[in-house]
There are 2 protein chains.
Amino acid sequence: MVCRTADRADSTTGAGPSVENAALEHRCSLSSLLRSFAGEAAAAAVLEDRYFPVRPVPGGAALVHEEGTFRHLFFVQSGTFKFARCDEEGYEQVLGFAVRGDMIGMDGIANGRYTTSVIALEDSRAAVVAFSELRGLEADVPAMQGFLHRCASREVRRGLDALQLVCAVGADVRLARFLLQMSERNALIGHSGRRFVLRMSRRDIASYLGLAHETVSRAFTALAQGGYLTVSQRAIEIVDIEGLQSFQRLTRRTAELDAPRPLPGMATDAADFASPSALGDCAVA
Amino acid sequence: MVCRTADRADSTTGAGPSVENAALEHRCSLSSLLRSFAGEAAAAAVLEDRYFPVRPVPGGAALVHEEGTFRHLFFVQSGTFKFARCDEEGYEQVLGFAVRGDMIGMDGIANGRYTTSVIALEDSRAAVVAFSELRGLEADVPAMQGFLHRCASREVRRGLDALQLVCAVGADVRLARFLLQMSERNALIGHSGRRFVLRMSRRDIASYLGLAHETVSRAFTALAQGGYLTVSQRAIEIVDIEGLQSFQRLTRRTAELDAPRPLPGMATDAADFASPSALGDCAVA
DNA sequence: CGCAGCCTTGACCGTTTTCAATGAGGGTGG
DNA sequence: CCACCCTCATTGAAAACGGTCAAGGCTGCG
C-alpha cells in the first residue's frame, strides 16, 4: 500500500515535541494535542502536562471497527484515514476522510458503539484517549474547557459540508468541490493547497461522491482539459484555483431558484443576527 | 420578507424575560427536557427543576439563520424543521430534518456562527437554552452529566446516516431509505412507523436526496406500484415494511461486491473489542 | 369561483452507468 | 532478474437512468 510518501516526514514531526527516541514515537503530550486541536493559546495554558499513547496504524488496517465498543476517542497525528460502512452485500460506502487535526470516534458516545469503520489509507498514527479520562481532564484542566464541544461541533459541521458536497450537482462539479475541500484542509494543516497527493483511490473518491469510479476518472480528465488542474495519478496540482472555484458554483438546477414563497408566518428572529444588514432573506425568499 | 417582528426579538435573548402569563405554553421544564432527550431516569434525577422559554415558530418561518451568531441551542418540542443552506444563486440545499427530540444548533459552537438556516415546516415549538447556561447546568446537575456530549454524538451519527442515505444508489432506493428513516424516527418519538404524514414538500425531499422533484414523484409512484406503500399526497402508509427494507438494500453497483480485500494489515484492533488494557498495544504491527 | 402552489405524468435529451478492453505500477516467487 | 499477477487508472461504446421542459389535475385559500 505504498508509502512512497517522502513528504510525509515533516508532517509527522510537525506538532509534537522532540520526537527523539522510540519511546516518544508512541506517546503524545496533552499540550501538543491541544496545539493541534484547540490552538496555541490553549496549549500554552497547560500547567501540568500529560501523555497519551499513540497508535501506529499501517496502511490498509483499521483503527476502529463498525460496531466496535466505544471506549476511546482518537486524534489523528499523521497520515490519512477513511470512514466507511459496509452494507451486507459487502459494498463499501465511504463517508469521509480524516487527516491530522481531526478527531475520530464521536459517533460512538451516544450508544456505546462506533458506527463506522475507520481505515488508514497510508501508514498513519493516532493518539488514543479514553473517553472517561478526557472527561476528567475537561473538569480539571482549565484549558480543556469545552474542548469536546468544539470538536463535536466541528464534526457536525464537517458532516453538513460533506452532505452539501455530495448533493445536487453534476459529476465534475462534485469532483471540483471535493478537490477544493481537500485543498482547503491541506492548507489548514500547513501543507500546500495547490499541490498535493490524494491518498485515496479513485474508487474511494467515487464512493464518497456517489459516482462510478469511471465517472470520477472522466471528471478528472475533464477538469484537466478545462485547464483547472493537472493530474498525474494521485498527484494533483491546481493551476487555476479561482476558475475552479467559480466552476464549482455551477448548479444544474438553476431553474428552481425562483421558488418565490410568500412566507406565511413571518416571525423570524432578528435576534440571531448580529448585524442588521444580514443575509437574512436567503432562507425565506 | 424580513422581520417586521422587532417586538418578538426578545424571545431570542433567551433565558430571562417576560415569560410570565402565557405561561406554560411558552415554558418547558428541565426535567421534561431531559425526559425527551436523555431518558426517564435522567429526568427523575432532577432535584431542583428549572424552566426554559419555548419559542413558537409559525410554519415557514426561520428559527435560526445561516450565519447568525451562535448563542443558543434549541430543543424541538413539537412540529418539524428543515436545515437548509442557500448557495449564492439562491438554490436551496436541504441538509436534514428535525422533529421532537432533536437538538438544533450544535454546528454553531465551533466558530460562533450557525452554518445552516433552520426553518419550520409547520407551526412548531422549540425550547431555547443559552449555551452558557447549559454548560453551567452540566456542571451543577448530576443528571445532566454528559448530556451535551450525547446529543452531539447523536448529531454526528445522524449526519453520517444522512450521508449514507444520499450516496450511491438509484432514485427509488434513495426514496425508500428516506421513508424508512422517517418511519424509524417517527416510531422513536412514539408515533406510528407505518402510517405518517410527511411534513415537507416533494421539492424539499428532492433537494435532500439530490434529485429533481419530478423524479421523487415518480419514485413514489414506483414504490406504490411495487406494493410497498400507498401514497396520498403527503400521507404515507407503508404496507410492506420488510419488502421495503430488502428493496432498500439494493445497490446498483452490485458488481463491486467482489472487492474481496484480504485487508493487508489485519492487526486491526483487537484492542477495540478487548479488555481494559486496550491502549497498551498501540504498537500494532 | 378562481387563483396559486403542489403533485403527477409524459416525452425528449443529456449525463452517467455499465460492460469491456488496455496499460501502468508494484509485489511475489521462480 | 524477470515473468506473472493483481490492483488501479483510463478510455470507448451502448444502454439506462434521471433531468429538463411542458401540460394537466388536485387542494386549499381568499
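None of these values were measured; they are calculated from a predicted model. (Residues numbered from 1 in each chain as written. Chains lettered and ligands numbered in written order. Predicted model: local features only at pLDDT ≥ 70, side-chain atom pairs only at ≥ 80, totals over all residues. Heavy atoms only, no water.)

Quick look at the overall build of chain A
And step 1. Assigned secondary structure in chain A consists of 11 helices and 12 strands.
And step 2. Split into buried and exposed, the 285 residues of chain A put 55% on the buried side.
And step 3. Of all intrachain contacts in chain A linking residues separated by at least 6 positions in sequence, the fraction that spans at least 24 positions is 67%.
And step 4. For chain A, the exposed area adds up to about 11,800 Å²; of that, 53% sits on carbon and sulfur atoms. (Helix = DSSP H or I, 4+ residues; strand = E, 2+ residues; numbered from the N terminus. Buried < 20%, exposed > 50% of the residue type's maximum accessible area, 1.4 Å probe, protein only. Contact = heavy atoms within 4.5 Å. Areas by Shrake-Rupley, 256 points an atom, 1.4 Å probe, with all protein chains shown as cover.)

Side note on the sheet that holds strand E11 (residues 229–232) of chain B
Hydrogen bonds between backbone groups are what pair the strands of a sheet, and the pairing can be parallel or antiparallel.
Residue and element names in this part refer to chain B.
And step 1. Here 3 strands make up an open sheet; going across it, the order is E10-E12-E11 and the pairing antiparallel. The open sheet has two edge strands with one neighbour each: strand E10 (195–197) and E11. Strand-to-strand twist across the sheet, computed as the mean angle between neighbouring axes with direction ignored, equals 15 degrees.
And step 2. Pairing between E10 and strand E12 (residues 235–238): 3 bridges, direction antiparallel. Looking across to E12, one finds that Val197 is bridged to Ala235.
And step 3. Where helix H5 (residues 171–188) meets the sheet, its contacts fall on E10, E11 and E12, and the angle it forms with E10 comes to roughly 100 degrees. (Pairing = 2+ DSSP bridges. Axes fitted to C-alpha atoms, helices over the stretch in contact; angles between N-to-C directions.)

Some words on the side chain of Ser31(A)
All names here are of chain A.
And step 1. Relative to the helices and strands, Ser31 resides in helix H3 (residues 30–38).
And step 2. With relative accessibility at 12%, the residue Ser31 sits in the buried group.
And step 3. If we skip the residues at most four places from it in the chain, Ser31 touches Ala43, Val46 and Asp49.

What to know about the protein's contact with DNA strand D
And step 1. Taken together, 20 residues surround DNA strand D, and among them Arg202(A), Thr221(A), Ala171(B), Thr215(B) and Arg218(B) come closest.
And step 2. Restricting the count to atoms of DNA strand D within 4 Å of the protein gives a sugar and phosphate share of 61%.
And step 3. Contacts to DNA strand D include Glu214(B), whose side-chain N or O atom sits 3.2 Å from a base nitrogen.
And step 4. Of all the secondary structure elements, the ones that give two or more residues to the surface near DNA strand D are helix H9 (213–225) of chain A together with helix H7 (213–225) of chain B.
And step 5. For the surface near DNA strand D, the leading source of residues is H9(A), giving 5 residues.
And step 6. Across the surface near DNA strand D, the residue classes break down as 3 nonpolar, 8 polar and 9 charged. (Near = heavy atom within 4 Å. Polar contact = N/O pair within 3.5 Å; in protein donor to acceptor, adjacent residues only side chain to side chain. Nonpolar A, V, L, I, M, F, W, Y, C, P; charged D, E, K, R; others polar.)

Side note on the sheet that holds strand E8 (residues 117–120) of chain A
Residues and elements named next belong to chain A.
And step 1. If you trace the 4 strands from one edge of the open sheet to the other, you get E3-E8-E5-E6, paired in antiparallel fashion. The outermost strands of the open sheet, each flanked by one partner alone, are strand E3 (62–64) and strand E6 (92–98). Averaged over all adjacent pairs, the angle separating strand axes in this sheet is 35 degrees, with direction ignored.
And step 2. Looking at chain direction, strand E5 (residues 81–86) and E6 are connected through 6 bridges and run antiparallel. Paired with Cys86 across the bridge in E6 is Glu92.
And step 3. Across the face of the sheet, helix H8 (residues 202–209) comes into contact with E5 and E6 while running at roughly 100 degrees to E6.

A word on the pairing of E5(A)
Residue and element names in this part refer to chain A.
And step 1. E5 sits mainly inside the fold: 5 of its 6 residues count as buried.
And step 2. The turn joining E5 and E6, which pair antiparallel and follow one another in sequence, is formed by 5 residues; a positive phi near 95 degrees is taken by Gly90.
And step 3. The pairing of E5 with E8 spans 4 bridges and is classified as antiparallel. For Lys82, the partnering residue across the bridge sits in E8 and is Ile119.

As for the packing of aromatic side chains
And step 1. For the structure on display, the rule yields 16 aromatic pairs over all chains.
And step 2. Centre to centre, the rings of Phe97(B) and Tyr208(B) are 5.2 Å apart; their planes meet at 75 degrees, and the pair counts as edge-to-face. Taken together, the residues Phe97(B) in strand E6 (residues 92–98) and Tyr208(B) in helix H6 (residues 202–209) connect sequence positions 111 residues apart.
And step 3. Using a relative accessible area of 4% as the deciding quantity, one classes Phe97(B) as buried.
And step 4. These aromatic residues form a ring-pair network of at least three members: Phe37(A), Phe75(A) and Phe147(A).
And step 5. Across from the ring centre of Tyr51(A), 4.2 Å away, lies the NZ or CZ of Arg27(A), which sits over that ring.
And step 6. Taking NZ or CZ as reference, Arg202(B) lies 4.1 Å from the ring centre of Phe220(B), over its face. (Phe/Tyr/Trp six-rings, centres within 6.5 Å; stacked < 30°, edge-to-face > 60°. Lys NZ or Arg CZ within 6 Å of the ring centre and 35° of its normal.)

Things to note about the packing of H6(B) against H7(B)
When two helices pack together, their arrangement is given by the angle between the helix axes and the distance between those axes.
Residue and element names in this part refer to chain B.
And step 1. Closest axis-to-axis distance for the H6/H7 pair is 8 Å, and the angle between their directions is 100 degrees. Classified by the angle between their axes, H6 and H7 sit roughly perpendicular to one another. On the side of H6, the interface is formed by Arg202, Arg203, Ile205 and Ala206, while H7 contributes His213, Val216 and Phe220.
And step 2. A per-class count over the contact of H6 with H7 returns 4 nonpolar, 1 polar and 2 charged. (Parallel < 35°, antiparallel > 145°, perpendicular 65-115°, else oblique.)

Observations regarding the UniProt feature "domain: HTH crp-type" (unreviewed entry) in chain A
And step 1. Following the UniProt record, the feature "domain: HTH crp-type" (unreviewed entry) maps to residues 169–242 of chain A here.
And step 2. Note that residues 169–242 of chain A is 55% helix and 15% strand, and that its end C-alpha atoms are spaced 19 Å apart. (UniProt positions renumbered as here; feature names shortened; annotations may be inferred.)

Notes on the pattern of salt bridges
Working definition: two side chains of opposite charge can pair if their charged atoms are close together.
Residue and element names in this part refer to chain B.
And step 1. Scanning all chains against the criterion turns up 20 salt bridges over all chains.
And step 2. For Glu40, the salt bridge is made with Arg35, and the minimal N-O distance between the two is 3.1 Å.
And step 3. Residue Glu40 is classed as partly exposed on the basis of its relative accessible area of 46%.
And step 4. Judged by relative accessible area, which is 40%, Arg35 ranks as partly exposed. (Salt bridge = Lys/Arg side-chain N within 4 Å of Asp/Glu carboxyl O.)

Points about the UniProt feature "domain: Cyclic nucleotide-binding" (unreviewed entry) in chain A
And step 1. Here, UniProt's "domain: Cyclic nucleotide-binding" (unreviewed entry) annotation points to residues 47–129 of chain A.
And step 2. Strand forms 51% of residues 47–129 of chain A and helix 0%; the C-alpha atoms that close the span are 19 Å apart.

Here's the deal with empty space enclosed by the protein
And step 1. A complete count under the given rule lists 4 cavities of 30 Å³ or more for this structure.
And step 2. Here the largest cavity defines a volume of roughly 520 Å³.
And step 3. Listed by contribution, the elements that provide at least two residues to the lining of the largest cavity are E6, strand E7 (103–104), helix H6 (147–166) and helix H7 (171–188) of chain A together with E6, helix H4 (147–166) and H5 of chain B.
And step 4. When its residues are assigned to classes, the lining of the largest cavity shows 22 nonpolar, 9 polar and 9 charged. (1 Å grid on protein atoms, 1.4 Å probe; cavity = no way out; pocket = protein on both sides within 12 Å on 5 of 7 lines; lining within 4 Å. Points joined across faces, edges and corners; volume = space filled by probe spheres on them.)

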